[in-house]
Each structure stands twice: as C-alpha cells, then as structure tokens.
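Understanding the architecture of this molecule
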Amino acid sequence: MVDVIRATGLVKTYGELRALDGLDLAVPEGTVLGVLGPNGAGKTTAVRILTTLLPADAGSAEVAGFDVARQPGKVREQIGLSGQYAAVDEYLTGYENLDMVGRLYGLGARRSRERARELLERFTLAESADRPVKTYSGGMRRRLDLAGALVAQPAVLFLDEPTTGLDPRGRTDMWEVIVELVKSGTTLLLTTQYLEEADRLADDILVIDHGRAIAQGTADELKAQVGGERVEIVVGTPADLASAQAVLAGLADGPVVVDEHTRRITAPVKGGAGVLMEALRRLDTEGVAVLDVALRRPTLDDVFLTLTGHAAEAEEQNKGKGKGRKPTTAQLEETSTR
Amino acid sequence: MSAMTIQKALGDGAIVAKRNLIKIKRVPDLLVFSTMSPIMFILLFAYVFGSAIHVPGLSYREFLIPGIFAQTVIFGATITGAGLADDIQKGIIDRFRSLPMSRSAVLVGRTTSDVLNNVLVITIMSLTGLAVGWRIRSSVFEAAGGFLLLLLFAYAISWIMAWVGLIVPTPEVVNNASFMIIFPLTFVANTFVPTNGFPHGLRAIANWNPVSSVTQAARELFGNTSDKFPAPKDWSLQHPVLYTLAWVVLLLAVFIPLSVRQYKRAASR
Ligand SMILES: Nc1ncnc2c1ncn2[C@@H]1O[C@H](COP(=O)(O)OP(=O)(O)OP(=O)(O)O)[C@@H](O)[C@H]1O
Ligand SMILES: [Mg+2]
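If you're wondering where the values come from, they're calculated on a predicted model, not measured in any experiment.

Focus on the overall build of chain A
- Check the secondary structure of chain A and you find twelve helices and 14 strands.
- The C-alpha radius of gyration of chain A comes to 22 Å, within 12% of the 20 Å expected for a compact globule of 338 residues.
- In terms of overall dimensions, chain A has C-alpha extents of about 75 × 45 × 40 Å along its principal axes.
- Classification of the 338 residues of chain A by burial places 50% in the buried group.
- Long-range pairs, those at least 24 residues apart, make up 68% of the contacts in chain A with a sequence separation of at least 6.
- Charge-centre separation for chain A: the mean point of 40 positive side chains lies 5 Å from the mean point of 50 negative side chains.

See below:
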C-alpha cells in the first residue's frame, strides 16, 4: 500500500528544547494513524510541519506524494486540518465560516453554499447555522472546525486532539463522525492523549514522547506490551502500604506501583472483576483498611510506565529537560468501576 | 506574478475582506470606533480649540477639518494590525495558511476592508464637518482627489500596521504601539495648528512629516487655504501631493514585501 503521509527524521528545535527529535512516521492510504503522547510530546509540532504551517529544521515529509517544504501549495490542495484549538471565526455564523472556507478552496459560490449547508446538517449544526459562532458551545465549535476541514472533501485529514475539552457525550459523537469519515476512505492522522481514543479510532498507534517515537503498533500489540486492566487501591494508613503491596504482587501480572504520597497502589492484572474480588478478600484477611478501589483500563500513564519505566511526568523531572514546557500530567480518563 | 496568481490574490482577498466587513458590523466596539469617534473628534476640536487658535485669512474650522481627516484615517489604518494580531492569536491565520489560497490574500483582504472602513469614516466626518461649517471651496475633481489621497495615504499606513500586527505577540501590543507612534506623528505636524509657532528643530521635522504634506494637500484640494496664510517654504509643503505620493510608493514598496514575508512565517503563538 502507498504511504499517503510519510515523515523521516523530523527535527524541530526551540532554543534548547527539541520539540521534535528525529520523528519518523508513515500512514498508508485509507488508514488511521493515532499519534499518542502527553502534553509537550510534540504532537502539534508534528501536525504543523505535515500541514505546511511550520518548516522543519531537519528531515523531510511527504503528503499525498508532495514534499511539504518544496510543494506546500500542492499539499494544501490535498489536506484538511482541524487544529488543537478550534480556528473558527467568532463573529461569523457557522454558515458564513464554512461558506468562506469553500470559496477559499476555490469551490465557487454555488458549490460553497451547498457544501456549507450539507456539512451543517451532517454535524447537527443546522439549527444554529445562522447564529454567530460566539454563541456556540465548545463542542459545537469543535464540530464546526472539523466541518471546515472537510469542506473540500480532502483525501488526507489531520485532526489534532479532536476530542480534548469535549464532554463524554460530545466525545462519543465526535468518534462516530470520525469513524464515518474513515469508512469513506479518508487517510487520517489523529493525535490524542487518550489511549482509549486511539484504540477506538486508529489502525496503528504511534506513541511519542520528547519528540521521539517510543513505540508503535496496533492497539492490541500495545496493550499486549502494556498489559490489560489495572487494579488500583488506596489504603487508609501508610503502615498498610507494605502488606497491601505484597497482596497485590501475588495477583499482578506485571510490576506493582506504589505512590506513597497518595497511598495508592496500582497493579496490572488479568482476569478483571474476579481478580478484584480476590484482592479485596485477601486484603480483608490481612486486615488492611481499603479506602478506595477501582478496576480500570490502561491509560497513557500506564503505557509510559511500561515503555519507559517511569511515568510521563516523572521522566521529565529526571532528565531535567522540558524547560518552558506545559505541565505534563498525562490527563487520563478513568473508566473505573467504583 | 502571472495574471492568474494576481487574479487569485484579488479574488481570495475579496473573500477575506468581506469577512472582515461582516465583523465590523457585528462587533459593536469596532462600529463605535469607526463612527462615533470621528464625530466626537470634529466636535471637540471645532468647539474646544476653535476659539483659541487663530489662522490668518481662514476660519479655524476650515483649517482644522482636513487635519482631523488625516489623523482619523491614519488611526483607522491601525485596525489592520490589531485585526491581524487577533487572527493569529485565535488560530484563524493557521486555518487560512492550511488552505490552498493565495499567499497574499489575507493581507490584501485586510488592508482592503480597512480602506472601505475608512471610506465610511471619512463620509461620516465630512457630513459632521459640513454641519459645523466646513466647506469644500474647490471643484468636484479636486475634492475627489483630496479624499483619494487621504485614503491612499492611510492604505500605505495599513501595510506598516500589517507588518507590526504580524510581529507582535498580542493585539493589545499593536494598539499600544500604534498610539505611541501615531499620536506624536499626527501631532508633530500641521494637523491641528500651523507649524510656524513650533520651536525651530521641531518645525523642520513637522514640515517634512508626511502627515503634514497629506494634510496640506487635502487643504489645497478642498480649497481650505488662504493667500494671507501661505504654506511653509519647505519643498515637501510646496509640492504636497507629489511628496505624499512619494511616501505612499516608498511605504508600499517596503512594507508589502516585508509583510508578505512575515505572513509566511507567522506562527500561532
Ligand atoms: N512556538 C514555540 N516556541 C517555543 N516552544 C514551543 C513552541 N511551540 C511548541 N513549543 C514546545 O515544543 C514542545 C512540543 O510542543 P507541542 O505543542 O508539539 O506538544 P503537544 O504534544 O502538542 O502537546 P499538547 O498535548 O499540550 O498539545 C513543548 O515543550 C512546547 O513547549
Ligand atoms: Mg498539541
């Protein structure tokens, strides 16, 4: 299969900081690549280079057969972009925003009008179509921004954290829209901080940190590396930490992590609820007071923990890199069964 | 540039200009800035300073109003910078830059819509001026030339502002910077008072200030001059139309390429 998006050795530096440090990636035609990484990993930088917004310091990239640095105009004709922050004009209505984008793509007046109405309908914005975007909710803006990326029915689509900031309902809606798109053969590069999202949408997942790829594979392959669910407990007193850790170690299928400060113990397990019950029984026998307990799916934190040996945040402090970075708490959704 | 790319630049520019004009209509602040402040300026200066300043052979209001025109259209041109800075901050420029549109369209559209805004401003000011006793005492052609020259000069200033708007971090900085520069620029000039009362060094600066020449040109083209009060002897004010046009050409030649280059680089901050 042909690679519609291909990047080799991308480097971008900001002063001392290497935002991208030799990133390679490839997205075959008609597939979805999920680029997964915490805050500051370099996701947006990569997307901006691939969409011709930013020149790379080194390396090269091709989109739809055109070099992003040498033929940016050709690339722009092939792509749609929805950036991390919705780039819609507040003072124009939803309809005016899309109509303008259509005309700028060179669709002509009639086609632009039709296309704008079509997309507003499809993204359930028809009712608010003629209100200024200022009055839209965050989710509506996000949908409008995505609609803007689709105006010219591009063959290649870039979505930078399309669901960040959406509520669970908005997120599910957005996922449905994206799944539909992909069915129609669009090649998609999507960035996210949520393993669950990459799992749901992407054929292939690239985990990046500090501007470098640290793992790549299908969701299943990554999960096989990272393990399945986690049992997470919080004990009442620090004195109980050691015995609780011993109990969980007996049930875990990977390293048990103890956070002394929050008295939280996390253990990767196989066997779901059954193991959770067993853990509680054994803890009870040991006389450990458990404050909180959860069974949850692996998060980005767990991926990092497994792949790099320490949490995303901790790594940053250890290496003392990341000057001027945004805080990198890989914020994670918890699908806990509390 | 081939004819095709120029046509595309103008076509895309018109689309962007339309968007900016819709925005002026929807943002009350901008609309007030464009319509109320010129009226206020005319009334304030005409009534507050009108009695204090004496110009030989001419009513002060006739002397003053072309000066206020000049100052106001120059301030109108600063919208260009603030608007661009705002678009960068909100990521709109990124959206534009990812589209297969002409590279200069955003700038062409921005500066064009600001000229149109200035047309509105100057119309309102002229009507207010006529109401307080300002008169055009020349031919229709000369008067039209006067308005055109004011708009052209403001257009050139727009391109300076476009460049400023693309290099500063936020729209507020554009506003501060433009007040810091444009206030002295429009006051150290013949806009509000004759320069012959200025201290010697300042007078030379004022007389060669292009704001003075555009004002002098407007006065002459509107017929708001008097034989009892001849223009200063400096070449710039003896040939104000030519001198102003030379500045327009110079500013455009420098700032269009600078702005276009900066636009290509401007990244979302
Ligand atoms: N214009 C800039 N000037 C200086 N540093 C920058 C600039 N843009 C990005 N960086 C830095 O480069 C690194 C990568 O940033 P990038 O925005 O690509 O991260 P990201 O993975 O998209 O993060 P997030 O999840 O927070 O969006 C960060 O440390 C960031 O601070
Ligand atoms: Mg980002």
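Some thoughts on the coordination of the magnesium ion (ligand 2)
- Those donors, T44 of chain A (OG1) and Q84 of chain A (OE1), are the protein atoms that reach the magnesium ion (ligand 2), and they lie 1.8 to 2.1 Å from it. In this pair, T44 of chain A sits in helix 1 (residues 43-50) while Q84 of chain A sits in the loop between strand 6 (79-82) and helix 3 (94-104), placing the two residues 40 residues apart along the sequence.

Focus on the interface of chain A and chain B
- Taken together, the contacts link 26 residues of chain A with 23 residues of chain B.
- Its largest share of buried area at the contact with chain B, chain A owes to R76, Y91 and L104 of chain A, together 32% of the area lost on that side.
- Between chain A and chain B we count four salt bridges in total.
- Across the pair R19 of chain B and D89 of chain A runs a salt bridge whose closest N-O atoms are separated by 2.4 Å.

As for the pattern of salt bridges
- Counted by the stated rule, this structure contains 34 salt bridges over all chains.
- As a salt-bridge pair, R115 of chain A and E118 of chain A come within 2.7 Å of each other at their nearest N and O atoms. Placement of the pair is R115 of chain A and E118 of chain A together in helix 4 (residues 109-122), with a separation of three residues, close to one helical turn.
- By relative accessible area, which is 5% here, R115 of chain A ends up buried.
- According to the relative accessible area criterion, E118 of chain A is partly exposed, its value standing at 39%.
- By sharing partners, the salt bridges in this structure join D89 of chain A together with R19, K23, D86, D87 and K90 of chain B into a single network.

Things to note about the site of ligand 1
Residues and elements named next belong to chain A.
- Near ligand 1 there are 17 residues, and of these G40, K43, T44, T45 and Q84 occur at the shortest range.
- Contacts to ligand 1 include A41, whose backbone N or O atom sits 3.1 Å from an oxygen atom.
- Here ligand 1 loses 78% of its free accessible area of 640 Å² to cover by the protein chains.
- Elements with a contribution of two residues or more to the shell around ligand 1: strand 2 (17-28) and helix 1.
- Residue contributions to the shell around ligand 1 peak at three residues, all from helix 1.
- Per-class residue counts for the shell around ligand 1 are five nonpolar, eight polar and four charged.

A look at the domain arrangement of chain A
- Taken domain by domain, chain A holds domain 1 (3-223) and domain 2 (228-297).
- On a C-alpha basis, the centroid separation for the pair domain 1 of chain A and domain 2 of chain A is 39 Å.

Examining the confidence of the model for chain A
- Put simply, chain A has an average pLDDT of 85, and 91% of its residues get 70 or more.
- Contacts for the low-pLDDT stretch residues 313-338 of chain A, under 50 throughout, to residues beyond four places or in other chains number 59 contacts.

Cut-off values and rules
- Residues numbered from 1 in each chain as written.
- Chains lettered and ligands numbered in written order.
- Predicted model: local features only at pLDDT ≥ 70, side-chain atom pairs only at ≥ 80, totals over all residues.
- Heavy atoms only, no water.
- Helix = DSSP H or I, 4+ residues; strand = E, 2+ residues; numbered from the N terminus.
- Rg over C-alpha atoms; globule rule 2.2 N^0.38 Å.
- Buried < 20%, exposed > 50% of the residue type's maximum accessible area, 1.4 Å probe, protein only.
- Contact = heavy atoms within 4.5 Å.
- Lys, Arg positive; Asp, Glu negative; His and termini not counted.
- Charge placed at Lys NZ, Arg CZ, Asp CG, Glu CD.
- Donors = N, O, S within 2.8 Å, 3.2 Å for Na, K, Ca; no water.
- Buried area = accessible area lost by both parts, 1.4 Å probe.
- Salt bridge = Lys/Arg side-chain N within 4 Å of Asp/Glu carboxyl O.
- Near = heavy atom within 4 Å.
- Polar contact = N/O pair within 3.5 Å; in protein donor to acceptor, adjacent residues only side chain to side chain.
- Areas by Shrake-Rupley, 256 points an atom, 1.4 Å probe, with all protein chains shown as cover.
- Nonpolar A, V, L, I, M, F, W, Y, C, P; charged D, E, K, R; others polar.
- Domains from an automatic or database assignment.
- pLDDT = per-residue confidence, 0-100.

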